[in-house]
Amino acid sequence: MRFRPTAIPGVVEVLADRARDARGAFLRGWCATRFAEAGLDFTPTQASLSENTHRHTLRGLHWQAAPAEEQKLVRCIRGAVFDVALDLRPGGVLRHEAVVISAEQGNAFFIPRGCAHGFITLTDDAVVEYLIDAPYAPGLARGARWDDPAFAIPWPAAPAVISDRDRDWPLHG
């Protein structure tokens with residue numbers, strides 16, 4: 001397990017080291033000791049899966065407001081997605097970081113508190129796993145428009161599938 005910091009403090013790509021032999025491969029998806037050594041205070045309390053049937057399905061941009069802010073480790077366990085973290089913290093100037101995460105690479109994306117998260121699938125039948133450190137609080141769920149010009153996120157495609165809720169989030173500001 002290796003950690004690649006990004007330009008946004010706390011947003012980290014987690015690179016996997018697969019052990020391979022005649023049986024196949026083994027990949028460590030999360031390790032408390034390794035995260036602590038990397039300076040990431042993260043203890044997951046729930047795991048969730050997002051199944052996405054069609055290529056170019058967009059989910060996001062989502063976060064939870066205080067006091068239910070959450071951190072998440074996002075990994076694509078089937079297919080590939082273009083994954084985005086958007087810094088909404090004071091002083092974050094709406095910077096974003098994006099990385100392709102895929103089952104083939106085995107990499108993951110760590111999203112800290114105060115950052116919105118979203119992705120668009122690059123393949124059909126993409127499955128995304130979330131390890132999250134706070135319970136979902138529906139009343140504190142927030143979102144922002146994926147195509148808001150204030151964010152200037154270079155999405156690789158327009159969404160072919162998007163929920164009404166994600167399409168209708170207000171523009172920033």
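Residues numbered from 1 in each chain as written. Predicted model: local features only at pLDDT ≥ 70, side-chain atom pairs only at ≥ 80, totals over all residues. Heavy atoms only, no water.

## Some points on the overall build of the chain
A count of helices and strands for the chain gives 2 helices and 14 strands. Taking 16 Å as the expected radius of gyration for a compact globule of 173 residues, we find that the chain reaches 16 Å, a close match to that expectation. Oriented by its inertia axes, the alpha-carbon framework of the chain measures out at about 50 × 35 × 30 Å. Here the chain holds 173 residues, and the buried ones make up 45% of them. Put simply, of all contacts in the chain between residues at least 6 apart along the chain, 78% involve residues at least 24 apart. Carbon and sulfur atoms provide 53% of the accessible area of the chain, an area that totals close to 8,700 Å². For the chain, the centre of its 19 positive side-chain charges and the centre of its 21 negative side-chain charges are spaced 3 Å apart. (Helix = DSSP H or I, 4+ residues; strand = E, 2+ residues; numbered from the N terminus. Rg over C-alpha atoms; globule rule 2.2 N^0.38 Å. Buried < 20%, exposed > 50% of the residue type's maximum accessible area, 1.4 Å probe, protein only. Contact = heavy atoms within 4.5 Å. Areas by Shrake-Rupley, 256 points an atom, 1.4 Å probe, with all protein chains shown as cover. Lys, Arg positive; Asp, Glu negative; His and termini not counted. Charge placed at Lys NZ, Arg CZ, Asp CG, Glu CD.)

## Some points on the side chain of N52
Within the secondary structure, N52 is located in strand β5 (residues 46–52). Given the relative accessible area of 3%, N52 is considered buried. Within the local environment of N52, its side chain forms a polar contact with the side chain of R59, the two groups lying 2.5 Å apart. Leaving out residues up to four positions away in the same chain, N52 has contacts with T57, R59, F119, T121, D124, D125, A126 and V128. (Polar contact = N/O pair within 3.5 Å; in protein donor to acceptor, adjacent residues only side chain to side chain.)

## Topic: the sheet that holds β5
Here we have 6 strands laid out as an open sheet, ordered β1-β2-β10-β7-β12-β5, and antiparallel in their pairing. On the outer flanks of this sheet lie β1 (2–5) and β5, each paired with one strand and no other. Adjacent strand axes in the sheet meet at a mean angle of 25 degrees when their direction is disregarded. When strand β7 (residues 72–78) meets strand β10 (residues 108–111), the two strands line up antiparallel, connected through 4 bridges. Residue V74 lies in a different strand from β10, and its bridge partner there is F109. (Pairing = 2+ DSSP bridges. Axes fitted to C-alpha atoms, helices over the stretch in contact; angles between N-to-C directions.)

## Points about unusual backbone geometry
Residues G60 and L61 are joined by a peptide bond in cis, for which omega reads 10 degrees. Its place among the elements puts L61 in strand β6 (residues 57–64). One non-glycine residue, H56, adopts positive backbone phi at about 70 degrees. Examined against the element boundaries, H56 turns out to sit in the loop between β5 and β6. Residue D125 is not a glycine yet carries a positive backbone phi of 55 degrees. You can see D125 is positioned in the loop between β11 (115–121) and β12 (126–132).

## Topic: the pattern of salt bridges
Here the structure, examined in full by the defined rule, presents 9 salt bridges. A salt bridge links D87 to R89, with the nearest nitrogen and oxygen atoms 2.8 Å apart. Residue classification places D87 among the buried residues on the basis of a relative accessible area of 3%. (Salt bridge = Lys/Arg side-chain N within 4 Å of Asp/Glu carboxyl O.)

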